[in-house]
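Survey of secondary and tertiary structure
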Amino acid sequence: MRNDAYWANRMRILEESLLNTGYDYVKNLEQQYDAAVKTIESQIAVWYQRFAKNNDISLAEARKLLTTQELKEFKWTVEEYIKAGQQNAVSQAWMKQLENASARVHISRLDSLKIQLQQQAEVLHGSQSEALNSTLAELYERGYYRTAFEVQKGLGVGWSLHGLTDEAIKKVLSKPWTLDSQTFSDRIWSNKQTLVNTVNTQLTQMIMRGAAPDKAIKAIADRFSVSKSQAGRLVMTESAAFSNMARKDCFNDLGVEKFVVVETLDNETCSLCGQLDGKVFPMSEYAVGVTAPPFHPWCRGTTAPYFEDLEGLGDRYARDVKSGERFTIPKDMTYEDWKNKQNAAYGAGAVEKSRKMWYNESADKKQYENYKARLGDEAPKSFKKFQQLKYDNPEEYKDLTSYYRYRGYNPSSDKRFFEAHKAVKVLHDSGKIRATGTLVAPPQGRLIVEPNQHAKDTFIKRGITQADAQEIIDNAIFALKQRQGTQYAFYTEKGYAVLRNDGLLTSLGWLDEGGRLLYDEVIKHVKV
């Protein structure tokens, strides 16, 4: 009889092979969603082009009824939907709604668009339900027979099993395995209803707010992207569940008395799965989602037969948290043992940090692309350096995010002005200067239209002319953006002038002690 390392290794390889079936289906599903989004973008654009004036349409206009010709064209579209539904796995409830829409003599512009968008959701989820049912049936059947093959090969003994019938597989697939008693078909239907309701609400709200077509299109497309992510998660979770269910049924039919939870020892394994690694349970307690994987969405755990007389024999594989290279470890080393060893080698929290970097990789890449687009050469030179900064140097990362936000509000101000802004804030917070606002590069081309009374009084009191004020504005080294960007205080070595965006000069003067302190601090960062 083979040792425990053999069982763990063979069941791990089998699980990965079965889950690849799920991954292949997810890729196909994502392509279907992407195609649906393109269709939706086109439908919304055409609708706005037809009914909006200057890309703007009120809710009252959207609720107007279709004209006789528009209604005729809409019914042609609905008839095409009905024909397509008869050939594909679209729900009967939706077919009935389409038939009712086709028979109506009045329908609003907005409702006509909602029906077009819901058609995309119905087709997506209809085909998803049918294809996932077929995929899971295939996965369960393969999982059962491959498990039987591996166990019999490992024991060196072969015996016959009753063949799986289609009816038996359907019975397994129709039985819910989660605590909320929902089957995968229930979840697909629930996801579809959530998508349809959200899209309809968003569409109405965006029209009420007078959103431009591009914003409406993006909002609806984003909603479908969320649904795509949920669909992928559902497929992989259900795939893991039914592959482990197949293993359970096969173990029982082969007379296996105990099973062991087997987790991958790498930085992608969560703490929950890590704590369950190596746990042994009697087959009577084999419960998918409770004592057997999947324990959460995208779970990679599996189970293997357990034989007490082989405990501790052989080796198993793990991955180094830094290099990612595989290495052998004693069979009885658990996830917690591996984690402690890795943390001892690379520092406390190394495994958790590495797992977080892996888990957030997709979101971090999007974030990094945004940072590159806004900051250009001032962004970290590579995605790897960006992640190292984010997870290894919290203070430097905090400064980077602050600069990213600063540039978002002040696109013409580079890192020099940001550093000067931070230094000036320190002076202000310590009470050494009174001037307020965000320090930025001075806006160009600003002209004084007229001075207010305070400025006129200053002309006389301080011997400053309007020409002096305009010269300060024209030659400013920096400015303080004030009143939410509605006015700027321009500074030169000699003086300052405060100008509103409408051209009203509100204040001016020569630099006093506080003004000189402010100017000197800025010049340390912004060279003249």
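As shown above, the structure is provided for reference.
Residues numbered from 1 in each chain as written. Predicted model: local features only at pLDDT ≥ 70, side-chain atom pairs only at ≥ 80, totals over all residues. Heavy atoms only, no water.

**Some words on the side chain of His421**
Where we set the bar: Helix and strand assignments follow DSSP, with helices taken as H or I runs no shorter than four residues and strands as E runs no shorter than two, numbered in order from the N terminus. Each residue's exposure class comes from its accessible area (1.4 Å probe, protein chains only) as a fraction of the maximum for that residue type: buried when under 20%, exposed when over 50%, partly exposed otherwise. Any two residues whose heavy atoms approach within 4.5 Å are treated as being in contact.
Looking at the secondary structure, you find His421 in helix H15 (residues 415-429). Assessed through its relative accessible area of 17%, His421 is described here as buried. Excluding residues within four positions of it along the chain, His421 makes contact with Tyr406, Gly437, Thr438 and Leu439.

**Some points on the packing of aromatic side chains**
The condition is simple: Any two of the Phe, Tyr and Trp rings considered here, Trp counted by its six-membered ring, make a pair once their centres fall within 6.5 Å; the pair's planes then place it as stacked at under 30 degrees, edge-to-face at over 60, or tilted in between. For a ring to carry a charge above it, either NZ of a lysine or CZ of an arginine must fall within 6 Å of the ring centroid while also lying within 35 degrees of the normal to the ring plane.
Tallied over the full model, the rule gives 16 aromatic pairs. With a centroid separation of 6.3 Å and an interplanar angle of 70°, the aromatic rings of Phe386 and Tyr397 are classed as edge-to-face. Note that Phe386 is positioned in helix H13 (residues 383-392) and Tyr397 in helix H14 (residues 394-409), a separation of 11 residues in sequence. Overall, the relative accessible area of 16% leaves Tyr397 in the buried class. Taking 6.4 Å as the distance between ring centres and 25° as the angle between the ring planes, the aromatic pair formed by Tyr403 and Tyr406 counts as stacked. Placement of both Tyr403 and Tyr406 in helix H14 is noted, with a separation of three residues, approximately one turn of the helix. On the accessibility criterion, Tyr406 (6% relative accessible area) is buried. Three or more aromatic residues joined by ring pairs make a cluster, and in this case those are Tyr368, Tyr371, Phe383, Phe386, Tyr397 and Tyr404. The ring centre of Tyr404 lies 4.0 Å from the NZ or CZ of Arg374, which sits over that ring.

**A short note on the pattern of salt bridges**
Defined as follows: Salt-bridge detection follows one rule: a side-chain nitrogen of Lys or Arg within 4 Å of a carboxyl oxygen of Asp or Glu.
Per the stated rule, a full pass over the model turns up 15 salt bridges. A salt bridge links Asp364 to Lys390, with the shortest nitrogen-to-oxygen separation between them at 2.7 Å. Highlighted residues: Asp364 in helix H12 (residues 361-375) and Lys390 in helix H13, separated in sequence by 26 residues. For Arg500, the salt bridge identified is with Asp502, shortest N-O distance 2.6 Å.

**A few points about H12**
The criterion, for reference: For a helix, the expected span equals 1.5 Å multiplied by the residue count minus one. Note that the arc is computed from the directions linking the helix axis to the C-beta atoms.
End to end, H12 covers 20 Å across 15 residues, agreeing with the expected 21 Å (1.5 Å per residue, within 8%). By the burial criterion, the buried members of H12 are Asp364, Gln367, Tyr368, Tyr371 and Leu375. Viewed along the axis of H12, the buried residues span an arc of 105°, placing them on a single side of the element. Exposed side of H12, more than 90 degrees from the buried face: Ser362, Lys366 and Ala373 are the residues found there. On its buried face, H12 is in contact with H13 and H14. Backbone geometry just downstream of H12 places Gly376 in the positive-phi region, at approximately 60°.

**What about the nonpolar core?**
Short version of the rule: Here, nonpolar core means buried Ala, Val, Leu, Ile, Met, Phe, Trp, Tyr and Cys residues that are tied together by side-chain atoms lying within 4.5 Å of each other.
Core analysis: the biggest nonpolar cluster contains 75 residues, and Ile207 and Phe224 have the highest contact counts within it. Residue contacts for Ile207: discarding those within four places in its chain leaves Trp47, Tyr48, Ile57, Ser58, Leu59, Ala62 and Leu110. One finds Tyr371, Leu375, Leu389 and Ile477 within the second-largest nonpolar core, a separate group that totals 49 residues.

**With respect to the side chain of Ser507**
Positionally, Ser507 belongs in strand S11 (residues 504-510). Residue class for Ser507 comes out buried when judged on its relative accessible area of 16%. Setting aside its immediate chain neighbours within four residues, Ser507 contacts His454, Tyr496, Ala497 and Val498.

**Observations concerning the sheet that holds strand S3 (residues 302-305)**
For the record, the criterion: By this definition, two strands are paired if DSSP reports at least two bridges between them. Whenever a helix is involved, its axis is fitted only over the stretch in contact; in every case the axis is a line through C-alpha atoms, and angles between N-to-C directions fall within 0 to 180 degrees.
If you walk across this open sheet you meet the three strands as S2-S1-S3, and the pairing is antiparallel. Across the chains shown, the open sheet's two edge strands, defined by having one partner strand only, are strand S2 (280-282) and S3. Averaged over all pairs of adjacent strands, the angle between strand axes in this sheet comes to 35°, irrespective of strand direction. Bridging between strand S1 (residues 258-262) and S2 involves three bridges; their strand directions are antiparallel. Directly across from Phe259, in S2, lies its bridge partner Phe281.

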